[in-house]
Amino acid sequence: MPPCCLSPTNCCPVPGLRPHHVVALRLSGGASTGDFTVGRTFLLGGGDSADAGVVNFGSRASSLLRGFADATFAGSHVALANAEYRWPIARPQRGIGTAPIFLHSVHAAVFADAGEAWTLAFRAGALKTSTGGELSADIVAGYFAPLTVTFGAAWGHDRSGAFGDRATAYFRVGKAF
């Protein structure tokens, strides 16, 4: 696959500074026009991604804006950019005796997100941004089900001033993107 492809995770990985390090980039957006009574309202905010792949028409398809509570912002249009630098910490590949759980790898990431949800007009001065870090573990549960669990912390900044700057901690099952 080319380095920037439309993969099931919808990201653009680029080699990092060291072996097994990666820079991941994602741009997404959406617009709903027409009759407001039947149109889509896009939600923005939160550390949980509803990324279901390349094609997702849901309200949360472009919602990953860490540093804010879930669905803090909404509008008939949304634009979002996510950037992460990811690196491995350890690959223990061990379980606990014969318990049906296996720790495959532990990895970390630092990130920056920027997005906006609007209805009437896009305003660059109302852009929302966040920066932070994540610690993740890839596990295998029940001998067959791969899962990624993530603990993260982010600092959110709303340039419109509607919400004050704040730190947020979150937990997620699944990858960011």
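First things first, this report covers the structure right here in the doc.

Definitions and limits used
- Here, residues in each chain are numbered from 1, in the same order as that chain's written sequence.
- Since the coordinates come from a predicted model, pLDDT governs what is reported: local features require at least 70, and pairs of side-chain atoms require 80 or more to be given and counted, while whole-chain, interface and lining totals use all residues.
- Derived side-chain values reflect all non-hydrogen atoms in the structure, with water molecules and hydrogen atoms excluded from consideration.
- Counting from the N terminus, the helices are the DSSP runs of H or I reaching at least four residues and the strands are the DSSP runs of E reaching at least two.
- Every residue pair with non-hydrogen atoms within 4.5 Å of one another is taken to be in contact.
- At least two bridges found by DSSP between two strands are what make those strands a pair.

## Here we look at the environment of A90
Stage number 1. Positionally, A90 belongs in strand β5 (residues 77-90).
Stage number 2. In sequence terms A90 and H107 are 17 residues apart; their C-alpha atoms lie 6.9 Å from each other.
Stage number 3. Contact partners of A90, with chain neighbours within four places excluded, come to S105 and V106.

## Side note on the environment of A162
Stage number 1. Along the polypeptide, A162 turns up in the loop between β9 (145-158) and β10 (166-173).
Stage number 2. The spatial distance from the C-alpha of A162 to the C-alpha of A126 is 8.9 Å, given a sequence separation of 36 residues.

## With respect to the pairing of β9
Stage number 1. Pairing between strand β8 (residues 128-141) and β9: 14 bridges, direction antiparallel. Its bridge partner being in β9, A141 is matched across the sheet by A145.
Stage number 2. With antiparallel pairing between neighbouring strands as the criterion, β8 and β9 make up a hairpin whose turn holds 3 residues, including G142 at a positive phi of roughly 60°.
Stage number 3. Where β9 meets β10, 8 bridges bridge the pair, whose relative direction is antiparallel. From the neighbouring strand, V149 faces β10, where its bridge partner is V173.

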